[in-house]
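For reference, the chains in residue letters:
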Amino acid sequence: PDHEVFTRSSAADVGAQQDSLIAGYVAANKDVLTANAKMAEALGLKSESAAALATAEALTSGATKDSINETDKAIGASTSAVSAELAKAPKLDATAKQTFAAGLVSLASGAVRYVGVGKNVKAMTNSLSSVSPLQFPKLQWAVTIVANFPESMASVSTALQNAVAFAKNNDIPVPADATRTQA
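For the structure given in this document, a descriptive report is provided here. (Residues numbered from 1 in each chain as written. Predicted model: local features only at pLDDT ≥ 70, side-chain atom pairs only at ≥ 80, totals over all residues. Heavy atoms only, no water.)

## Things to note about the overall build of the protein chain
In terms of regular secondary structure, the protein chain is built from six helices and zero strands. Written out in order from the N terminus, the α and β elements of the protein chain read α-α-α-α-α-α. Burial statistics for the protein chain: of 183 residues in total, 43% are counted as buried. Contacts in the protein chain between residues at least 24 apart in sequence constitute 82% of all its contacts with a sequence separation of at least 6. When the accessible area of the protein chain is evaluated, it comes to approximately 9500 Å², of which 57% is carbon and sulfur surface. (Helix = DSSP H or I, 4+ residues; strand = E, 2+ residues; numbered from the N terminus. Buried < 20%, exposed > 50% of the residue type's maximum accessible area, 1.4 Å probe, protein only. Contact = heavy atoms within 4.5 Å. Areas by Shrake-Rupley, 256 points an atom, 1.4 Å probe, with all protein chains shown as cover.)

## Points about the packing of aromatic side chains
Under the counting rule described, the total for this entry stands at three aromatic pairs. Taking 5.6 Å as the distance between ring centres and 25 degrees as the angle between the ring planes, the aromatic pair formed by Y114 and F149 counts as stacked. A residue pair is termed long-range when its members are at least 10 positions apart, and Y114 in helix α4 (residues 94–128) and F149 in helix α5 (residues 140–169) qualify at 35 residues. F149 carries the same exposure label as Y114, and that label is buried. (Phe/Tyr/Trp six-rings, centres within 6.5 Å; stacked < 30°, edge-to-face > 60°.)

## As for the nonpolar core
Ranked by size, the top nonpolar core spans 53 residues in total, and within it L21, F100, L107 and Y114 carry the most contacts. Put simply, the parts of the chain that give this core at least two residues each are α1 (2–42), α2 (46–58), α3 (65–87), α4 and α5. No other element matches the 13 residues that α1 contributes to this core. For L21, the contacting residues outside a window of four places in its chain are V117, N120, V121, M124, A142, I145 and V146. (Core = buried A, V, L, I, M, F, W, Y, C linked by side-chain atoms within 4.5 Å.)

## Structural notes on the environment of R180
Within the secondary structure, R180 is located in helix α6 (residues 176–180). Classification of R180 by relative accessible area gives exposed; the value is 56%. In the structure, R180 is positioned 72 residues away from A108 in sequence and 8.9 Å away in space, judged by C-alpha atoms.

Written out as structure tokens, the structure reads:
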């Protein structure tokens with residue numbers, strides 16, 4: 001009987017852990033997509049900006065495995081577009097610099113959230129190694145996030161480094177969080 005209580009308790013704990021992981025991942029991705037939308041707008045990439053913004057607005061805590069994968073693809077596409085444009089070293093006017101700076105604030109916020117999600121990913125990885133295989137269908141979102149996280153974190157880190165470097169070279173204010181997460 002004690003074992004059954006423990007099993008039910010740990011199943012509930014893993015479910016709550018998954019909920020927390022999804023909420024953190026969704027919040028971090030919303031920040032990153034919002035950042036990409038603003039930076040793409042500042043760089044004159046109107047369609048990429050609109051696509052990133054639409055994905056950010058559609059993202060909810062009721063995320064599914066498919067929506068998580070779609071979000072990861074949208075982040076990859078918008079991050080690549082912004083990165084490619086930054087590599088051209090464009091000159092921005094004052095309005096575009098303000099928009100880019102706002103995007104950088106969102107990106108820094110997303111990176112800070114990603115660091116927090118990373119801690120949850122480590123905890124979830126440990127939990128997933130000890131759950132019953134019968135629980136995996138209920139934990140598909142956690143499995144997807146754990147699998148996608150290393151690549152997502154690397155992408156956000158690289159995007160933040162590129163955006164900070166661009167900002168510094170163009171007299172655009174860099175938020176403290178942006179440099180703190182790069183340590």
